[in-house]
Amino acid sequence: MNVLLLLLSLVLLPVAAQTAELAKQTVIKFALNWKAEPEFGGFYAAKLAGSFEKRGLNVEVIEGGAGTPVVQMVANSKVPFGIAAADEVVLSQARGTDVMALFAVYQTNPQGIMVHPERGFKSIGDVFAAPGTLAIQSGAPYTLFLQAKFAKAKVKLVPYAGGIAQFLTDANYSQQCFVTAEPLLAKKKNKPSQSFLIADAGFNPYGTVVIARRQYIEKNPRQVRDLIEAIRAGWSDYLGAPENANAWMVKLNPAMDSETMKASAEVQKPFILAANTPNKELGKMSAERWTTLVNQLFDLKLIKNKPPVEKLFQNF
């Protein structure tokens with residue numbers, strides 16, 4: 001019996017010591033820009049699998065909401081890591097910050113326009129060429145891009161207030177959406193919809209991008225590398241088996257039920273990882289894509305100076 005206890009102690013003591021050591025570490029805050037949903041599934045999967053802890057990191061994933069200023073929070077060192085869109089990174093640097101991208105979940109941006117299929121539209125261009133109403137975020141880079149591309153629009157633009165309530169009742173009403181979210185909610189209400197990707201119109205910034213300050217990255221290179229490795233492992237797990245992370249996110253965000261979580265996790269897969277691309281490439285970005293985005297934002301007069309592309313992102 002004493003021998004057995006001794007053996008157990010030899011096994012458990014290192015684990016206990018590691019747990020105690022982890023508890024002593026400073027909590028690394030990771031700020032999301034929206035509620036717990038499948039677009040963040042890999043981060044929650046990393047927590048569930050202990051991917052951060054295995055690398056000695058004590059990470060706290062913090063939910064966001066409408067208007068959560070994640071980029072400013074990171075730029076002002078309120079949190080070391082957060083989530084933003086790629087265009088927000090460019091705009092932030094153009095204002096003088098050192099915020100940069102480390103990992104891009106969405107390789108194809110899922111931002112789109114949702115319409116009623118009976119209207120017979122074939123593209124976003126048709127939406128702008130026809131009378132009716134389009135609810136879209138005023139002043140957003142993708143809105144300005146579409147307004148410039150389809151300058152002779154007949155559709156009436158109104159501010160997007162969120163949700164799908166008006167879409168359900170107005171046949172001439174179109175709205176912005178994440179093709180992984182609102183169309184699924186409409187389907188659940190037995191309302192057919194059709195979606196067009198803004199990326200197909202030519203504006204395709206990386207989405208759900210992990211950001212941090214360059215100064216922080218340079219001071220903590222090992223921590224940053226370990227964090228990104230844990231995130232990549234989490235996304236690999238989530239793409240293969242999202243059930244456990246979905247169950248956790250439903251508890252955090254009951255506004256999205258388990259059935260919709262499951263459908264959204266499946267729909268978003270091709271936006272995250274192209275066919276036949278190995279999981280080790282998850283989250284990696286290209287200078288070409290960032291250069292295109294910088295040029296587009298400059299042409300839209302959203303930035304006066306073009307930040308150096310090599311300072312906008314870093315792959316791990």
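Analysis parameters
Residues numbered from 1 in each chain as written. Predicted model: local features only at pLDDT ≥ 70, side-chain atom pairs only at ≥ 80, totals over all residues. Heavy atoms only, no water. Helix = DSSP H or I, 4+ residues; strand = E, 2+ residues; numbered from the N terminus. Contact = heavy atoms within 4.5 Å. Buried < 20%, exposed > 50% of the residue type's maximum accessible area, 1.4 Å probe, protein only. Salt bridge = Lys/Arg side-chain N within 4 Å of Asp/Glu carboxyl O. Pairing = 2+ DSSP bridges. Axes fitted to C-alpha atoms, helices over the stretch in contact; angles between N-to-C directions. Phe/Tyr/Trp six-rings, centres within 6.5 Å; stacked < 30°, edge-to-face > 60°. pLDDT = per-residue confidence, 0-100.

Peer 1: With reference to specific residues and values, describe the environment of Leu 91.
Peer 2: Inspection of the secondary structure assignment puts Leu 91 in helix H4 (residues 86-94). Through-space distance from the C-alpha of Leu 91 to that of Val 27 is 29 Å; in sequence the pair is 64 residues apart. If sequence neighbours within four positions are ignored, Leu 91 has contacts with Pro 141, Leu 302 and Ile 303.

Peer 1: Residues and numbers for unusual backbone geometry, please.
Peer 2: Backbone phi values are negative for most residues with the exception of glycine, while trans is the configuration of most peptide bonds. Phi is positive for Ser 77, which is not a glycine, with a value near 60°. Among the secondary structure elements, Ser 77 is positioned in the loop between helix H3 (70-75) and strand E3 (81-84). In this structure, Lys 301 is a non-glycine residue whose phi angle is positive, near 65°. Among the structural elements, Lys 301 can be located in the segment after helix H14 (287-299). Classification of Lys 301 as exposed rests on a relative accessible area of 74%.

Peer 1: I'd like a description of the pattern of salt bridges, backed by residues and values.
Peer 2: A side chain of one charge can pair with a side chain of the opposite charge if their charged atoms are brought near each other. This structure, assessed with the given rule, holds eight salt bridges. Measuring nitrogen to oxygen at the nearest pair gives 3.5 Å for the salt bridge that ties Lys 47 to Glu 53. Owing to a relative accessible area of 24%, Glu 53 belongs among the partly exposed residues under this scheme. The salt bridge partner of Arg 213 is Asp 98, with a shortest N-O separation of 2.8 Å. Taken as a pair, Arg 213 in strand E10 (residues 207-213) and Asp 98 in the loop between H4 and strand E4 (99-106) lie far apart in primary sequence, 115 residues in all. Judged by its relative accessible area of 13%, Asp 98 falls in the buried class. Taken together, the shared-partner salt bridges connect Lys 188, Asp 257 and Glu 259 into one network.

Peer 1: How would you explain the sheet that holds strand E6 (residues 133-135) if you had to name every residue and give the values?
Peer 2: The strand order across the open sheet built from five strands is E7-E6-E8-E5-E9, with neighbouring strands paired in mixed fashion. Two strands close off the open sheet at either side, each with one partner strand: strand E7 (156-158) and strand E9 (194-197). Each strand axis lies, on average, 30° off the axis of its neighbour in the sheet, ignoring direction. Pairing geometry for E6 and E7, over three bridges, is parallel. When the sheet's bridge partners are listed, Leu 134 is paired in E7 with Leu 157.

Peer 1: An account of the packing of aromatic side chains is needed here, citing residue identities and associated values.
Peer 2: When we look at a pair of aromatic rings, we describe it by the centre distance and by the angle of the planes. Counted by the stated rule, this structure contains 10 aromatic pairs. Ring geometry for Phe 30 against Phe 43: centres 5.0 Å apart, planes inclined by 50°, an arrangement best described as tilted. Of this pair, Phe 30 sits in strand E1 (residues 28-31) while Phe 43 is found in helix H2 (residues 41-49), placing the two residues 13 residues apart along the sequence. You'll find Phe 30 and Phe 43 in the same group, each marked buried. Through successive ring pairs, a cluster of aromatic residues spans Phe 30, Phe 40, Phe 43, Trp 235 and Tyr 238.

Peer 1: Break down the pairing of E4 for me, citing the residues and quoting the values.
Peer 2: The buried fraction of E4 amounts to eight of the eight residues, a majority that puts the element mostly inside the structure. Note: E4 against E10, six bridges, orientation antiparallel. Bridge pairing in E10 places Tyr 106 opposite Gly 207.

Peer 1: Give a description of the confidence of the model for the chain that names residues and reports values.
Peer 2: Of the residues in the chain, 92% have a pLDDT of 70 or more, and the chain-wide mean is 93. The low-confidence segment residues 10-20, where pLDDT is below 50, has two contacts with residues more than four positions distant or belonging to other chains.

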